[in-house]
Each structure stands twice: as structure tokens, then as C-alpha cells.
Amino acid sequence: EDALKAICGRLPEHLHPYARILVCDWWKPEFHVKEGIEQLIRDVKAAGYGVYLLSNANTRQAEYCTRLPGWECFDGRVTSAELNILKPDERIYKHLLQKYDLKAEECFMIDDSPVNVYSALKCGFRGAVFHDDVARLRKQMAEAGIAAGS
């Protein structure tokens, strides 16, 4: 709604309905799921680990996150929109820890952005950058002591 107001503030009034269609109604999240990631999530959960989503996402994520592969394995989620804080701001990692009573040294952050992983490491997490290679990620996790099947 904030984005829509900002856009409409720069458009003639007769275009406002079209802005709503483009911003609110037409946008549909697309998922580009990497092969093997759903099985990795399931393996991590089956091994007894907690699985949490920490995402730079808008407030509408709740509408579509249940379509994420392995969603039922997630124990919780924190989105940037609910806090108005984006990764790599360390406050978002600390919020995740506090909200779910987690210990940073027991957490393993996986993100496709090196700066986000680095920020998590500064907060005491372990972690790895995901380079679209699930086999490599599994190896990195195993090297960190996370036994999550294969």
C-alpha cells in the first residue's frame, strides 16, 4: 500500500487504477527452485534440526510462502518487511535469535548473498554462501558438523 501511494502520488489520477493492478493485483511471485533444495530441507528437518526462513521479503510473503518447497518443515520465519530491517543489518539476525530463542553458535546461515552470510557470521552464526549447487552446500554443511543425510 505504501508503494502504491508513492506511485500514485507521481501519476495523474486517471492512471491510479492501473497502478493498483500493476502493483497489487498483477504481481505474482515466481519461484525458481534449485534441484535438490527441497530434499535438503527435508533431510535437515529429519535429522532433528530446526529450519527457519529469514528473508528480505515484502509483507505479501505470507500469501505465497506456503508454496515454498518443503514449507511444512519450517519452524518459523522472519521477514524484513515486518521489521523494516533488511539483511545484512545485524539486527535482523538478532531478532530471529530472540524470536525463536536460538543460540547463534548453533545456527547455520545459508544465503546466496556473501554479505548476508558475512553479517550472520559476525553475529556468531556459522554459514555458507549458496552458489546454486546443493551437493556443494551439503558438503559445506557436513564440514561444519551438520549431518543431514544425502
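Structure's up top.
Here's a quick rundown of the structure. In this text the structure is predicted, and so the values were computed from the model without any measurement. (Residues numbered from 1 in each chain as written. Predicted model: local features only at pLDDT ≥ 70, side-chain atom pairs only at ≥ 80, totals over all residues. Heavy atoms only, no water.)

## As for the packing of helix 3 (residues 37-46) against helix 8 (residues 134-143)
Point 1. At a closest axis distance of 10 Å, the pairing of helix 3 and helix 8 adopts a crossing angle of 25 degrees. It follows from the interaxial angle that helix 3 and helix 8 lie roughly parallel. Seen along the crossing, helix 3 lies across helix 8 with a hand that is right-handed. When helix 3 is examined against helix 8, the residues Ile 37, Gln 39, Leu 40, Asp 43 and Val 44 are found in contact with a partner set consisting of Val 134, Leu 137, Arg 138 and Met 141. (Axes fitted to C-alpha atoms, helices over the stretch in contact; angles between N-to-C directions. Helix = DSSP H or I, 4+ residues; strand = E, 2+ residues; numbered from the N terminus. Parallel < 35°, antiparallel > 145°, perpendicular 65-115°, else oblique. Left-handed = near helix turned anticlockwise from the far one by under 90°. Contact = heavy atoms within 4.5 Å.)

## Brief notes about a nonpolar patch on the surface
Point 1. Together, Leu 11, Leu 15, Tyr 18 and Ile 21 line one region of the surface with nonpolar side chains, adding up to about 340 Å² of accessible area.
Point 2. Along the chain, Leu 15 turns up in the loop between helix 1 (2-8) and helix 2 (16-25).
Point 3. Judged by relative accessible area, Leu 15 falls into the partly exposed class, the value being 30%. (Patch = residues over 30% accessible without salt bridge, like charges linked within 9 Å, V, L, I, M, F, W, Y side chains within 5 Å. Areas by Shrake-Rupley, 256 points an atom, 1.4 Å probe, with all protein chains shown as cover. Salt bridge = Lys/Arg side-chain N within 4 Å of Asp/Glu carboxyl O. Buried < 20%, exposed > 50% of the residue type's maximum accessible area, 1.4 Å probe, protein only.)

## Describing the pattern of salt bridges
Note that side chains of opposite charge can pair when their charged atoms are close.
Point 1. One pass over the full model with this rule turns up 10 salt bridges.
Point 2. For Asp 132, the salt bridge goes to Lys 34, with nearest N and O atoms at 3.7 Å. You can see Asp 132 sitting in the loop between strand 4 (126-129) and helix 8 and its partner Lys 34 sitting in the loop between helix 2 and helix 3, a full 98 residues away along the chain.
Point 3. By relative accessible area, Asp 132 is classed as partly exposed at 49%.
Point 4. Overlapping salt bridges bring together Glu 38, Arg 42 and Glu 72 as one network.

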